[in-house]
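# Notes for the structure review
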Amino acid sequence: MDSAQADILAAREHLRDQGWIARRSEAFHHLPPPALPDWLALHDDAPPLDGPGWTLGQGASGVQARWLDALDPAQRAELLAGLPRPGEGEAAPFAWAHRALCREGLRLHVAATPQRGPVCLQLHHRPRTRAEAPLLVLDIAPGAHCVLIETHEADATRPAVAQNLHAHIRLGQGARLQHLRIATPRADDRVAHHLHVELAAGADYAQALAATGSSYHLQRSHITLQGAGASARQAALLLLGGGQIDQQTYTDLQAAQCISQVETLALAQGRAHAVANARTRIAPGSDGANVRQRLTGVPLAGHPRLILRPHLEILHDDVQAAHGATWGALPEGALFYARQRGLDEAAARALIIEGMANALLERCLGPGDGLLAQWLHSGWLARAIAQQLHPREEARHG
Amino acid sequence: MTHTPPPLLQVRDLRVRIGERTVLQSVCLDVPAGALVVLMGANGSGKSTLGMALAGHSSYQVGGGQALLGGQDLLVLPAHERARAGLFVSFQSPPDVPGVKNNLFIRTALNAVHEARGQPPLDAFDFLAGAKQTAKELGLPEALLGRPVNEGFSGGERKRNELLQLALLQPRLALLDEIDSGMDVDGVRAVVALVQRLRAQGTAFIVVSHYLTMIEQLQPDAVLRLDQGRIAETGDMELARRIARTGFVRQPQAAEV
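The rules behind each value
Residues numbered from 1 in each chain as written. Chains lettered and ligands numbered in written order. Predicted model: local features only at pLDDT ≥ 70, side-chain atom pairs only at ≥ 80, totals over all residues. Helix = DSSP H or I, 4+ residues; strand = E, 2+ residues; numbered from the N terminus. Rg over C-alpha atoms; globule rule 2.2 N^0.38 Å. Contact = placed C-beta atoms within 7 Å. Buried ≥ 20, exposed ≤ 12 C-beta atoms within 10 Å, placed from the backbone. Axes fitted to C-alpha atoms, helices over the stretch in contact; angles between N-to-C directions. Left-handed = near helix turned anticlockwise from the far one by under 90°. Nonpolar A, V, L, I, M, F, W, Y, C, P; charged D, E, K, R; others polar. Core = buried A, V, L, I, M, F, W, Y, C linked by C-beta atoms within 7 Å. Pairing = 2+ DSSP bridges. Arc of directions from axis to C-beta. Expected span 1.5 Å × (residues − 1).

Along chain B, the regular secondary structure elements total eight helices and twelve strands. For 257 residues, the compact-globule estimate of 2.2 N^0.38 gives 18 Å, and the C-alpha radius of gyration of chain B, at 18 Å, lies within 12% of that figure. Considered along the principal axes of its C-alpha atoms, chain B spans approximately 55 × 50 × 40 Å. Put simply, 68% of the contacts in chain B that link residues at least 6 apart link residues at least 24 apart.

The secondary structure content of chain A amounts to seven helices and 19 strands. Compactness check: chain A gives a C-alpha radius of gyration of 21 Å against a globular reference of 21 Å for 398 residues, within 12% of the reference. In terms of its C-alpha atoms, chain A occupies a principal-axis envelope of roughly 75 × 45 × 45 Å. Taken over 398 residues, chain A has a buried fraction of 50%. Contacts in chain A between residues at least 24 apart in sequence constitute 85% of all its contacts with a sequence separation of at least 6.

Attention now goes to the environment of Val319(A). Residues and elements named next belong to chain A. Here Val 319 shows up in strand 19 (residues 319–327). C-beta crowding within 10 Å serves as the criterion here: with 17 such atoms nearby, Val 319 is assigned to the partly exposed category. The sequence separation of Val 319 and Leu 351 amounts to 32 residues, and the corresponding C-alpha distance is 38 Å. What Val 319 contacts, discounting residues up to four positions off in sequence, is Ile 282, Ser 286, Ala 289, Val 291 and Ile 314.

Another point: the packing of helix 1 (residues 3–18) of chain A against helix 3 (residues 92–101) of chain A. All names here are of chain A. Direction vectors running N to C along helix 1 and helix 3 enclose 145 degrees, while the axes themselves pass 8 Å from each other. When the axes of helix 1 and helix 3 are compared, the crossing they make is left-handed. Judged by residue contacts, Asp 7, Ile 8, Ala 11, Arg 12, His 14 and Leu 15 of helix 1 engage Pro 93, Trp 96, Ala 97, Arg 99 and Ala 100 from helix 3. In the contact of helix 1 with helix 3, the residues fall into seven nonpolar, one polar and three charged.

Let's shift gears to the nonpolar core. Generally speaking, nonpolar side chains in soluble globular proteins are found buried as a group. Counting 196 residues, the largest nonpolar core has Leu237(A), Leu238(A), Ala274(A) and Ile352(A) as its most contacted members. Here this core takes eleven residues from helix 5 (residues 345–365) of chain A, the largest share from any one element.

Bringing unusual backbone geometry into the picture now. If you check the backbone angles, Gln257(A) has positive phi at about 55 degrees while not being a glycine. Following the sequence through the fold, Gln257(A) ends up in the loop between strand 14 (244–253) and strand 15 (259–270). On the basis of neighbour count, Gln257(A) is assigned to the partly exposed category, with 18 C-beta atoms found within 10 Å. The phi dihedral of Glu178(B) is positive, around 50 degrees, even though this residue is not glycine.

The strands making up a sheet are joined through hydrogen bonds of the backbone, oriented either antiparallel or parallel. Residues and elements named next belong to chain A. Read across the open sheet, the nine strands follow the order 1-4-7-9-11-13-15-17-19; overall the sheet is mixed. Two strands lie at the open edges of the sheet, namely strand 1 (53–56) and strand 19, each paired on one side alone. Ignoring which end each strand starts from, the neighbouring axes of this sheet average 10 degrees apart. Alignment of strand 15 against strand 17 (residues 289–302), held across twelve bridges, turns out to be parallel. Paired with Ala 268 across the two strands is Pro 299, which belongs to strand 17. On the sheet, helix 7 (residues 380–389) packs against strand 9 (176–184), strand 11 (204–212), strand 13 (231–240), strand 15 and strand 17 and is oriented at approximately 45 degrees with respect to strand 13.

On to helix 7 of chain A. All names here are of chain A. If you check which residues of helix 7 are buried, you get Leu 381, Ala 384, Ile 385, Gln 388 and Leu 389. Mapping the buried residues of helix 7 onto a view down its axis gives an arc of 100 degrees, with all of them on the same face. On its buried face, helix 7 is in contact with strand 9, strand 11, strand 13, strand 15, strand 17 and helix 5.

This paragraph deals with the environment of Thr22(B). Residues and elements named next belong to chain B. Residue placement: Thr 22 occurs in strand 2 (residues 21–31). Taking the number of C-beta atoms within 10 Å as the measure of exposure, Thr 22 has 17 and is therefore partly exposed. Note: C-alpha distance between Thr 22 and Tyr 60 (38 residues apart in sequence) is 9.7 Å. Apart from residues lying up to four places away in sequence, Thr 22 is in contact with Arg 15, Arg 17, Gly 63 and Gly 229.

Consecutive side chains along a regular strand alternate between the two faces of the sheet. All names here are of chain B. Across the five residues that make up strand 10 (residues 204–208), a large majority, five, are buried. Burial along strand 10 is two-sided: Ala 204, Ile 206 and Val 208 and Phe 205 and Val 207, pointing in opposite directions, are all buried. As paired elements, strand 3 (residues 36–41) and strand 10 share four bridges and run parallel to each other. In the sheet register, Leu 36 faces strand 10, and the bridge partner there is Phe 205. In the sheet, strand 9 (residues 173–177) pairs with strand 10 via five bridges, with the strands oriented parallel. Across the sheet, the residue bridging to Leu 176 is Val 207, located in strand 10.

All names here are of chain B. Mapping Val 192 onto the fold places it in helix 6 (residues 185–200). The exposure class assigned to Val 192 is partly exposed, which follows from the 17 C-beta atoms found within 10 Å. When the C-alpha positions of Val 192 and Asp 180 are compared, they lie 9.9 Å apart, and in sequence the two are twelve residues distant. Once residues lying within four places of it in the same chain are set aside, the contact partners of Val 192 are Met 214, Gln 217 and Leu 218.

Another point: helix 1 of chain A. Residue and element names in this part refer to chain A. With 16 residues, helix 1 should reach 22 Å at 1.5 Å per residue; the first-to-last C-alpha distance of 22 Å fits that figure. Taken as a whole, helix 1 has its buried residues at Ala 4, Ile 8, Ala 11, His 14 and Leu 15. Summarising the axial view, the buried residues of helix 1 lie within an arc of 120 degrees, below the 170-degree limit, and thus occupy one face. Opposite the packed face of helix 1, turned more than 90 degrees from it, sit the exposed residues Ser 3, Ala 6, Glu 13, Arg 16 and Asp 17. Directly after helix 1, the chain includes Gly 19, whose backbone phi takes a positive value near 80 degrees.

The structure is reproduced here in C-alpha cells:
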C-alpha cells in the first residue's frame, strides 16, 4: 500500500470510528446533510474521471498552476502540503470524507505584480464523477492583488452529482483577493463547498457569493484573520426558487485592528428553505476589532422558510460589534415608483431584486472595473433572477 | 357646427380613503389637453392623495367616482397601465431604488412606455445620449445617471430627476406634487421651461404648489383650492395671489369646477 492509499484508508477508518455529522449538531441541525455514503464513492470501483474538472481561463502572468493527481503519492503530498489535517469540529466529517475521496486538485500561486495591476483569474469547475471531492489550494503572495471569479454552474448534460469541495486560500501579508463565487447547481445535485481562508497581517479578502438552491447545498466559509490589520468582507446572495441552501460563515479575529463584515441577502419563494449562519469570534487581545453582521431574508411568494442566525462571540473589551437579522418584503415605495413609471409588476420586482443583489455584491467587492465589472454587468444576475424567482404578476388597483 | 373635444382628464365625484379615513370627499375637475391647472390647499387637504389615487397606489382606496384620461377609465387599470396610458405623477418624496442605476431605471421605464405605444425600444447608446443632453438642460449632474436611483441625491437633485423622467417619458398628463420644494432658483426656472415646452406639445399639467413665484411663471389656465377633500374654489391667478396673501381661509360653501 502506498502513502496515498494509506491516507485514504486512514480517513475512511476515522469516519467509520467517529461517524457522520450528528443530527443535533449546532451548525447543521436546521438542514442536516445527506448521509455519509452519498459523499463517498467506492474507490475500488471508481469510474475514470471524465470532463475537465478545474479549468483556468486565459493565463495571467504571475500565476503558477499545478493540476495534481491525489491518487499518486508524490502528487498527493504536493497537493496537500501545508494544509491542516481534518480536525474534530462539527464539519470535520466533511473534511475526512474529502480526504477519503479526493482524486484531484489544483494548486495556484499568485505572485505580486505591482507594476501590472491585479492578477485576474477565471476559474471554472465542472464535475468529473457522480461523487467527487475536488480540491483547490490558492496562495496569494505577500503584496499581491488578485481578482478571482470562480464558477460552478448547472449543466443539464451531466448526471446529478454529490460534490464535497474544499478550497484552502491563504493571503500573505498585505495581499488582497477579490473573490466572486457563483454556485448554481442542478436541482438534484448535492453540493457542499468548504472554504478555509487565512489572512496574514494587512491582508484584505472580499468574497461575494451568488448561490441557488438544490436538493442539498452547503456553502461554508471559515475565515481566520491571523495578522494585525487584516480585513474580510463576505456577501452572500441566495436566490431560491426552490430547493434548499445552508450558508455558514465563520470568522475568527485573532489579532488587533481587524475588520470583518458579513452580509447575506436571501430571496426565496415557494417551498424553498434557506439557512444563513454568521458566527464571528473576537479572540482575546483583538484590540480595535470592528465586526458587522447583517442578515436579510425576503420571502417573495409562497411559504419559504428563511432562518437567519447571526451570532457574535466577543472575548475582548476594546471592540466595535453589531449584528442583526431582518425579515421583510421588497421595498413597497420603490416598487410603486417603478410601476408608476410604466413597469409592470413582474418587471418592477425583477428590477428591484436585481438592484438589491447588485448593491450587495458591489458593497462587498466595490464597484470595481475590469473582470468583476464585466461580470456584474453581464446580465447573469437578471437571468438567474428570472430563472429562479419567476416574479408573479399581481395587478393592483387603486 | 364646431366640435369641442372632451377634456383630457375628467374626474367626477372621486372619493378616496386611506384606511378608515376618507380624504377625498368628492372631487370633480376637468383638465383639457395642453392646459395647466394649479392645485392649492392646506396641508392634509388631499392634494397628494389625488395624485396617488390617480396613479393607482394600493393604499389609496377609491370609494367611488370616475377618472377618465382621454376617455379611458383610469380607475380600473393597474398602476403601470395608467402610466402607459400617459399619466405621470411626480413624487413629493421620490424614493430610493437601491442598486438600480438611474439610467437603467429610466431606460427600462421608457422602453415599457414605448412598447405600449407601439414604438421601438431605445438601445442603451441612443438613450444615454438623449438622457445626458436632457439632464444637462435640467441642471442634473450627468454622474447621477450612473448612480442608483435617488440614493444619496439631495432634495433638489431628486426633483430634477423627476423632471428628467418627465421630459423623457413625455406623458399626456403630468401631476407635479410640490416639484418646486427643495429646488433652488435655477431649478424652478428649469421646471417652468420644461413645463412650457411640454405644454406646447400638448401635455396637460396639474401642479401642486404653495409658492406664488413659480405659479406666476407657469401662467396657469386655472387655480383650484382643495379643502376638506373637495374643490372649494376655482379661479385664476388672482385666487393664487389671494391665498398667498391671506392663507387658506375656509369658505362657507363648497364649489366645483
